[in-house]
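Breakdown of the fold
Letter by letter, the chains look like this.
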Amino acid sequence: MSKIGLTTTVPVEVIYAAGDTPVDLNNIFITSTEAMKRLEEAELAGYPRNVCGWIKGLYSTALQNPDIRQIVAVTQGDCSNTHALMETWEVEGIEIIPFAFPYDRDPDMLRLQMDKLIHELGTTWDEVNLQKRRLDKVRALAWEIDRLTWEEDRVRGFENHLYLVSCSDFNGNPEGFAAEMETFIQTARARETLSSQFSSKKPGKKREIRLGYIGVPPIFPELYDFLEEHGARVVFNEVQRQFSMPFLTEDIVEQYRLYTYPYKVFLRLEDIDREAKRRRLDGIIHYTQSFCYRQIEDQIIRKRLDFPILTLEGENPTGLDARSKMRLESFLSMLE
């Protein structure tokens, strides 16, 4: 069994079917106490300052983990900078396995990409389908945590983020991750609702503000605590929820066609609009990473979504700066 790094969510069933352990490099990078140091290491190695912080963090994180000698890198459907990232890793002796999500969601092309990954890792479709059934049981627990967040108001925004984003690799141990979620679900169900706690703590305010968070996961996760300190809670984490594959389908190819993140922004917008109405959102925070092409999509999102939207930009894992805090406070005041 070997560890295989990931640059983003891929058909992780294939890796488990091959008897290997997937490791989402994003999660290792952002949870490290030395996340900023990883960026500095990448810049010292030659990465330009005006390159996405996630890309620089991934580069150094992989080199800091010598037991990861193979990485599945998404060449289409994530970040265009991944191409150069792959090449700089290859120079360092890391084997790169490319994977592409077809832009038009063509099922034949997607199946071909999965077939190539299956062949590369030495497994079979039968084994992959067995792993899908195994992992779907774990995903169902993440779906329950998400439901407890928006429907029963028993889960905090960061807790929701953490469990959903971890579905990219299941922390390398699906059964262990499932046991952790089962314990958390029992704890959450026994809680007093967060909405009632809010009323007792802030008697002068009518209710907490319900927010949606869309875009890639934040490079400063303390955003969630800041919002709750100011009377708001994230009850919808768009991309993190997509990592949990919240779709009921037995066809694994169809599962990764329904996964919205790698494809056109319009597919994402359908999902966002539907969930925003279902979860009764008051407003939406659209997070964009500095120097990322997805910043351009902000103008489409604003045209298509009929909700108050604050666009928040992040660059480095140094926490929320004063300007961002002021903009968030103003947005929340406006919503209130």
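Parameters and conventions
Residues numbered from 1 in each chain as written. Predicted model: local features only at pLDDT ≥ 70, side-chain atom pairs only at ≥ 80, totals over all residues. Heavy atoms only, no water. UniProt positions renumbered as here; feature names shortened; annotations may be inferred. Helix = DSSP H or I, 4+ residues; strand = E, 2+ residues; numbered from the N terminus. Buried < 20%, exposed > 50% of the residue type's maximum accessible area, 1.4 Å probe, protein only. Polar contact = N/O pair within 3.5 Å; in protein donor to acceptor, adjacent residues only side chain to side chain. Contact = heavy atoms within 4.5 Å. 1 Å grid on protein atoms, 1.4 Å probe; cavity = no way out; pocket = protein on both sides within 12 Å on 5 of 7 lines; lining within 4 Å. Points joined across faces, edges and corners; volume = space filled by probe spheres on them. Nonpolar A, V, L, I, M, F, W, Y, C, P; charged D, E, K, R; others polar.

An unreviewed UniProt entry annotates the protein as Benzoyl-CoA reductase/2-hydroxyglutaryl-CoA dehydratase subunit, BcrC/BadD/HgdB of Desulfosporosinus orientis. Comment text from UniProt for the protein, heading Cofactor (unreviewed entry), reads "[4Fe-4S] cluster". Looking at the Sequence similarities (unreviewed entry) heading of the UniProt record, one finds this comment for the protein: "Belongs to the FldB/FldC dehydratase alpha/beta subunit family."

What follows is about the side chain of His286. Residue placement: His286 occurs in strand β7 (residues 283–289). Using a relative accessible area of 3% as the deciding quantity, one classes His286 as buried. Here the side chain of His286 touches Asp298 through a polar contact of 2.6 Å, side chain to side chain. Non-local contacts of His286, meaning those with residues more than four positions away in its chain, are made with Ile214, Gly215, Asp298, Ile301, Ile309, Leu310, Thr311 and Leu312.

Once that is clear, we can look at empty space enclosed by the protein. With the rule as written, the count across this model stands at 1 cavity of 30 Å³ or more. Taken as a whole, the largest cavity encloses approximately 70 Å³ of empty space. Residue lining of the largest cavity: Gly215, Val216, Arg268, His286, Tyr287, Thr288, Gln289, Cys292, Arg294, Glu297 and Ile301, and that is the complete set. Ranked by residues supplied to the lining of the largest cavity, first place goes to β7 with 4 residues. Split into classes, the residues belonging to the lining of the largest cavity amount to 4 nonpolar, 4 polar and 3 charged.

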